[in-house]
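Coordinate inspection notes
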Amino acid sequence: WKYVTEPDPNLNDRPIYWPRGKVLGGSSSINAMVYVRGHQNDYAEWNAAAPGWGWSDVEPIFRRMEDWDGPAHPGRGTGGPLAVHDVSNDVHPLTRVYLAAAAEAGFPTNPDYNGPEMEGASLYQITTKGGYRASAARCYLAPARRRANLEVRTGAQATRILFGCRRAVGVEYRHKCRIRTARARAEVILSGGAINSPQLLQLSGIGPGKVLQDHGIETLLDAPQVGRNLQDHLGSDNHYVSRVASLNQQLGPLLGKVKVALNYAYNRKGPLSLSLNQGGGFVKLSDQSPGPDLQLYFSPVSYTRAPVGVRPLMSPDPFPGMLMGFNPCKPTSVGHLQIRSPDPFVAPELHPNYLSTDHD
């Protein structure tokens, strides 16, 4: 969707690029493919607010969901719809150097951060199968496409939810330049993500009354929290020049591009079959923290002059380089979003409110 936030006063009025997947599979079709279950304490917090979402409740679902091709472990699943790939035999040598450096800094290597313990430096597991991205569309939608009770319409955008007696009864959407409706016999499931779901609710008359009134939208339900409690992990990359070759020397030269492309085309192997984030991990900075404070990222490639929000894979720096990044696992800054216009094709205002707490 190429969303861009409003200028953030806590970042010297800098806007931040927020890419979201405008394609079947949503953001699972454009993300970095790193597979992370989450920390057990996160689910304990969820369970306190919504019983039934504790770790003991969701852990069996993760095992049933996974098709893990790494070392067998009773806590990992095989045969599920979501492919999870162990990259141990595929990573660039610099990624092994990263793990050694982390160990020297006091962060032990964790062979499986999705196993019993999450903390430590790791090689990132990724959602791929045979070198192909394992998106939600590929793993869940594609096997169901022949079902008689499923119809998929692409090139369509929901414009508002239809209500009857305060109950959702359908959806209005635009398809091929025409406004159409889909009526529900049972229920309407709204799954547009952290941005599109609250936007569609506000466009439909559910949200902060003042915001809706300002845009001439009838308020069906004054719900001030719709669009509130927006949180994002603000990340930072550090760029380094390396004394030894990185992926820059494979992806930069024309001959290197040809070799990499042929390796992927014929073998589904090499850099094009992996995530840019080959290494990373989860570390605790405070002894008082119940879980990791920071998520780490290591990429054996660098892009010093990349456009905002873009890492041009086949156009890295001309010198050996690498990236090391991090983001807080549990930021406490809270922002909000709201519609900018009653026109559903106008992007909403996104106010991340980054770094607004002393903790962050």
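Note that this is a predicted model, so its numbers are computed, not measured.

1. Focus on the overall build of the protein chain
A tally of helices and strands in the protein chain yields 8 helices and 18 strands. The C-alpha radius of gyration of the protein chain comes to 22 Å, within 12% of the 21 Å expected for a compact globule of 360 residues. Along the three orthogonal principal directions, the C-alpha set of the protein chain runs to about 65 × 50 × 45 Å. A fraction of 57% describes how many contacts in the protein chain between residues 6 or more apart in sequence connect residues 24 or more apart. With the model as given, the accessible surface of the protein chain reaches about 20,500 Å², and the carbon-plus-sulfur share is 54%. The centroid of the 37 positive side-chain charges in the protein chain is displaced by 13 Å from the centroid of its 31 negative side-chain charges.

2. Considerations on the pairing of strand 8 (residues 156-164)
Consecutive side chains along a regular strand alternate between the two faces of the sheet. Pairing analysis gives 8 bridges linking strand 8 to strand 9 (residues 167-175), with the strands arranged antiparallel. Across the sheet, the residue bridging to Phe 163 is Ala 168, located in strand 9.

3. Points about the sheet that holds strand 8
Strands sit in the order 8-9-10 across an open sheet of 3 strands; the sheet is antiparallel. Sheet topology places strand 8 and strand 10 (178-183) at the edges, where each strand pairs with a single neighbour. The average undirected angle you get between the axes of adjacent strands in this sheet is 30°.

4. Details of the nonpolar core
Core analysis: the biggest nonpolar cluster contains 16 residues, and Val 87 and Tyr 98 have the highest contact counts within it. At the level of secondary structure, the elements contributing two or more residues to this core comprise helix 3 (93-104), strand 5 (120-123) and strand 15 (294-299). Apart from residues no more than four positions distant in its own chain, Val 87 is found in contact with Leu 123, Tyr 124, Ile 126, Leu 274 and Gln 278. Within the second largest apolar cluster, 11 residues are counted, among which are Tyr 35, Tyr 43, Trp 55 and Val 58.

5. With respect to helix 8 (residues 254-267)
Taking 1.5 Å per residue, 14 residues should reach 20 Å; helix 8 reaches 20 Å between its end C-alpha atoms and fits that length. Taken together, the buried positions of helix 8 are occupied by Gly 256, Val 260 and Tyr 264. All buried residues of helix 8 lie within an arc of 65° about the axis, which places them on one face of the element. Counted as exposed and oriented over 90 degrees from the buried face of helix 8: Leu 254, Leu 255, Lys 259 and Tyr 266.

6. Notes on the packing of helix 1 (residues 40-49) against helix 2 (residues 55-65)
Packed helices, taken two at a time, are described by the angle their axes make and the gap between the axes. Closest axis-to-axis distance for the helix 1/helix 2 pair is 9 Å, and the angle between their directions is 125°. Classed by the angle they form, the pair helix 1 and helix 2 counts as oblique. Seen from helix 1, the contacting residues are Gln 40, Tyr 43 and Asn 47; seen from helix 2, they are Trp 55, Asp 57, Val 58 and Phe 62. Here the residues of the contact of helix 1 with helix 2 sort into 4 nonpolar, 2 polar and 1 charged.

7. As for the packing of aromatic side chains
Per the stated rule, a full pass over the model turns up 11 aromatic pairs. Residues Tyr 98 and Phe 298 carry aromatic rings whose centres are separated by 5.0 Å and whose planes lie at 10° to one another, so their mutual orientation is stacked. Placement of Tyr 98 in helix 3 and of Phe 298 in strand 15 is noted, with a sequence separation of 200 residues between them. When sorted by exposure, Tyr 98 lands in the same class as Phe 298, which is buried. Members of the aromatic cluster, joined through ring pairs, are Tyr 43, Trp 46, Trp 53, Trp 55 and Phe 62.

8. Some thoughts on the sheet that holds strand 13 (residues 236-241)
Judged by pairing direction, the sheet is antiparallel, and its 5 strands sit side by side in the order 5-14-15-16-13 without closing on themselves. Only two strands of the sheet have a single partner each, and these edge strands are strand 5 and strand 13. In this sheet, adjacent strand axes meet at a mean angle of 20° when their direction is disregarded. When strand 13 meets strand 16 (residues 321-328), the two strands line up antiparallel, connected through 6 bridges. Bridge pairing in strand 16 links Tyr 240 to Met 322. Across the face of the sheet, helix 3 comes into contact with strand 5, strand 14 (279-283), strand 15 and strand 16 while running at roughly 170° to strand 5.

9. Looking at the environment of Pro 7
Counting through the fold element by element, Pro 7 comes out in the loop between strand 1 (3-4) and strand 2 (17-18). Sequence spacing of Pro 7 and Ile 61 is 54 residues, and the spatial spacing of their C-alpha atoms is 40 Å. Not counting residues up to four positions away in its chain, the partners in contact with Pro 7 are Asp 13, Arg 14 and Pro 15.

10. A closer look at the pattern of salt bridges
Tallying each qualifying case throughout the model produces 12 salt bridges. Residue Arg 37 pairs with Glu 66 through a salt bridge whose shortest N-O separation is 2.8 Å. Taken together, the positions of Arg 37 in the loop between strand 2 and helix 1 and Glu 66 in strand 3 (residues 66-68) put the pair 29 residues apart, joining distant regions of the chain. With respect to class, Arg 37 is no different from Glu 66; both count as buried.

Conventions used here
- Residues numbered from 1 in each chain as written.
- Predicted model: local features only at pLDDT ≥ 70, side-chain atom pairs only at ≥ 80, totals over all residues.
- Heavy atoms only, no water.
- Helix = DSSP H or I, 4+ residues; strand = E, 2+ residues; numbered from the N terminus.
- Rg over C-alpha atoms; globule rule 2.2 N^0.38 Å.
- Contact = heavy atoms within 4.5 Å.
- Areas by Shrake-Rupley, 256 points an atom, 1.4 Å probe, with all protein chains shown as cover.
- Lys, Arg positive; Asp, Glu negative; His and termini not counted.
- Charge placed at Lys NZ, Arg CZ, Asp CG, Glu CD.
- Pairing = 2+ DSSP bridges.
- Axes fitted to C-alpha atoms, helices over the stretch in contact; angles between N-to-C directions.
- Core = buried A, V, L, I, M, F, W, Y, C linked by side-chain atoms within 4.5 Å.
- Buried < 20%, exposed > 50% of the residue type's maximum accessible area, 1.4 Å probe, protein only.
- Expected span 1.5 Å × (residues − 1).
- Arc of directions from axis to C-beta.
- Parallel < 35°, antiparallel > 145°, perpendicular 65-115°, else oblique.
- Nonpolar A, V, L, I, M, F, W, Y, C, P; charged D, E, K, R; others polar.
- Phe/Tyr/Trp six-rings, centres within 6.5 Å; stacked < 30°, edge-to-face > 60°.
- Salt bridge = Lys/Arg side-chain N within 4 Å of Asp/Glu carboxyl O.

Any functional reading would require information that these geometric values do not contain.
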